[in-house]
Amino acid sequence: MKSRLGYRDGSSILHQLHPLIKLVWLVFVTAAVFLITDPYLNLGLSAALMLIFPLIGIRLRDLQGFKVLLVAAALIALLQILFLRSGPTALMLGTLRITLPAIRRGIYLGARFIVVVLISYLFVLTTSPDQLAYSLMQAGLPYRYGYTFVTALRMIPIFEQEVRTVYRAQQVRGVSYRLRRWDEFWKNLRAFTLPMLVSALGKVDALSISMEGRCFGMYPTRTYFHARKRYSGDLWAGLALALSAILLIVYLLQEGIS
């Protein structure tokens, strides 16, 4: 059974790392795969990321969208291999000439796509949205924006359930969303969005009244009920990040010289 993509509670090293450390790692790895042009380095990085998932208790085959990810990466690589014709010939398949630069380019783009998606998956699966928002607020983000972020995330499953309720209720009443005529489709779509809009406005109104009753925004700073304990892994993750950044700079300098 495919699991929904979202935060999963756990006790792995990645779960215990500070959310901001993981956020910086996410940005760094994403930038690195765009700066590193060696296809085999990106391919090795994608393989390393795949090995991390079992360590946090998630099987890749149970990860939502994993097969689609592999198919999309393969298609990206295949398109490059088939249509990029510059460079020396590596293989002849009848009249089709496959070049060595095309193979390298295909591996590079396919592996880069896998790395970007997998590192994002790791961040989402091991980072609590609440803890991320609290960490951003403690780092200096105004708590009004942090509260907006947390509220938006908490509203997503509520509206998802209401969408299903409205959809099923309209199906019972004989409403069909099959595309027969455009005028009928837009009429049914308006009938679907209207109750969702009314529900959203009602929740916003109730939330604003509740916030006013609790004097939200009265003080420039806020307190935190849960204090995060110090974790030694944060230091090691930060040192590894600094070392990786130095190695990336050295690699880029060497590539520029050569």
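**A word on the overall build of the chain**
Part 1: Along the chain, the regular secondary structure elements total nine helices and two strands.
Part 2: Written out in order from the N terminus, the α and β elements of the chain read α-α-α-α-β-β-α-α-α-α-α.
Part 3: Computed over its C-alpha atoms, the radius of gyration of the chain comes to 24 Å, more than 25% above the 18 Å expected for a compact globule of 258 residues.
Part 4: Summarising the internal contacts of the chain: among those between residues at least 6 apart in sequence, 72% fall at separations of at least 24.
Part 5: Carbon and sulfur atoms make up 68% of the accessible area of the chain, which amounts to about 17,200 Å² in all.

**With respect to the pattern of salt bridges**
Part 1: According to the stated counting rule, one finds one salt bridge in the structure shown.
Part 2: With its nearest N and O atoms 2.4 Å apart, the salt bridge here joins Glu-162 to Lys-203. Of the two residues, Glu-162 sits in helix H7 (residues 143–172) while Lys-203 sits in helix H8 (residues 182–213), which places them 41 residues apart along the sequence.

**Here we look at a nonpolar patch on the surface**
Part 1: Nonpolar side chains collect at one region of the surface, where Val-71, Leu-75 and Leu-78 lie side by side and expose about 260 Å² of accessible area between them.
Part 2: Along the chain, the position of Val-71 falls in helix H4 (residues 66–83).

**Thoughts on the nonpolar core**
Part 1: One finds Leu-49, Phe-53, Ile-58, Leu-63, Phe-66, Leu-69 and Leu-118 to be the most contacted residues of the largest nonpolar core, which totals 28 residues.
Part 2: The set of elements that each furnish at least two residues to this core consists of helix H2 (19–35), helix H3 (39–55), H4, helix H5 (100–126) and helix H9 (232–257).
Part 3: When residues of this core are assigned to their parent elements, the largest contribution, nine residues, is made by H5.
Part 4: Excluding residues within four positions of it along the chain, Ile-58 makes contact with Arg-8, Phe-53, Leu-63 and Leu-125.

**Description of the packing of helix H6 (residues 129–138) against H7**
Part 1: Packing of H6 against H7 brings their axes to within 9 Å, and their N-to-C directions diverge by 170 degrees. In terms of orientation, H6 lies roughly antiparallel with respect to H7. Here H6 contributes Pro-129, Asp-130, Leu-132, Ala-133, Tyr-134 and Met-137 to the contact with H7, which in turn contributes Tyr-143, Gly-146, Tyr-147, Phe-149, Val-150, Leu-153 and Arg-154.
Part 2: For the contact of H6 with H7, the per-class residue count stands at 10 nonpolar, one polar and two charged.

**Focus on H4**
Part 1: When the terminal C-alpha atoms of H4 are compared, their 26 Å separation across 18 residues agrees well with the 26 Å that a helix rising 1.5 Å per residue should span.
Part 2: Within the span of H4, buried status applies to Phe-66, Leu-69, Ala-73, Ala-77 and Ile-81. An end-on view of H4 places all buried positions within 100 degrees of arc, on one side of the element. Seen from the buried face of H4, the exposed residues on the opposite side, beyond 90 degrees, are Lys-67, Val-68 and Phe-83.
Part 3: The inward-facing, buried residues of H4 contact H3, strand E2 (96–99) and H5.

**A short note on the environment of Pro-220**
Part 1: Tracing the sequence through the fold places Pro-220 in the loop between H8 and H9.
Part 2: Measuring from C-alpha to C-alpha, the distance between Pro-220 and Arg-144 comes to 9.6 Å, with 76 residues separating the pair along the chain.

**So, the side chain of Thr-127**
Part 1: Residue placement: Thr-127 occurs in the loop between H5 and H6.
Part 2: Engagement of the side chain of Thr-127 in a polar contact is seen with the side chain of Lys-22, the distance being 3.3 Å.
Part 3: Within the local environment of Thr-127, its side chain forms a polar contact with the backbone oxygen of Phe-123, the two atoms lying 2.8 Å apart.
Part 4: Apart from the residues within four sequence positions on either side, Thr-127 is in contact with Tyr-7, Pro-19, Lys-22 and Leu-132.

**Here's the deal with the confidence of the model for the chain**
Part 1: Confidence along the chain averages 82 in pLDDT terms, with 91% of residues attaining 70 or more.
Part 2: Confidence scores differ between elements of the chain, with strand E1 (residues 89–93) showing the lowest mean pLDDT of 73 and H2 the highest of 92.

**Regarding the environment of Arg-144**
Part 1: Assignment of secondary structure puts Arg-144 in helix H7.
Part 2: Once residues within four sequence positions are removed from consideration, Arg-144 is found in contact with Phe-216 and Gly-217.

**Considerations on the packing of H3 against H5**
Part 1: At their nearest, the axes of H3 and H5 sit 8 Å apart, and the two run at 30 degrees to each other. Taken together, the axes of H3 and H5 are roughly parallel relative to one another. Our pair here, H3 against H5, has a crossing hand that is left-handed. Side by side, H3 and H5 meet where Pro-39, Tyr-40, Asn-42, Leu-43, Leu-45, Ser-46, Leu-49, Met-50, Ile-52 and Phe-53 of the first sit next to Arg-104, Ile-107, Tyr-108, Ala-111, Ile-114, Val-115, Leu-118, Ile-119, Tyr-121, Leu-122 and Leu-125 of the second.
Part 2: Its residues assigned to classes, the contact of H3 with H5 comprises 18 nonpolar, two polar and one charged.

Reading guide: rules and limits
Residues numbered from 1 in each chain as written. Predicted model: local features only at pLDDT ≥ 70, side-chain atom pairs only at ≥ 80, totals over all residues. Heavy atoms only, no water. Helix = DSSP H or I, 4+ residues; strand = E, 2+ residues; numbered from the N terminus. Rg over C-alpha atoms; globule rule 2.2 N^0.38 Å. Contact = heavy atoms within 4.5 Å. Areas by Shrake-Rupley, 256 points an atom, 1.4 Å probe, with all protein chains shown as cover. Salt bridge = Lys/Arg side-chain N within 4 Å of Asp/Glu carboxyl O. Patch = residues over 30% accessible without salt bridge, like charges linked within 9 Å, V, L, I, M, F, W, Y side chains within 5 Å. Core = buried A, V, L, I, M, F, W, Y, C linked by side-chain atoms within 4.5 Å. Buried < 20%, exposed > 50% of the residue type's maximum accessible area, 1.4 Å probe, protein only. Axes fitted to C-alpha atoms, helices over the stretch in contact; angles between N-to-C directions. Parallel < 35°, antiparallel > 145°, perpendicular 65-115°, else oblique. Nonpolar A, V, L, I, M, F, W, Y, C, P; charged D, E, K, R; others polar. Expected span 1.5 Å × (residues − 1). Arc of directions from axis to C-beta. Polar contact = N/O pair within 3.5 Å; in protein donor to acceptor, adjacent residues only side chain to side chain. pLDDT = per-residue confidence, 0-100. Left-handed = near helix turned anticlockwise from the far one by under 90°.

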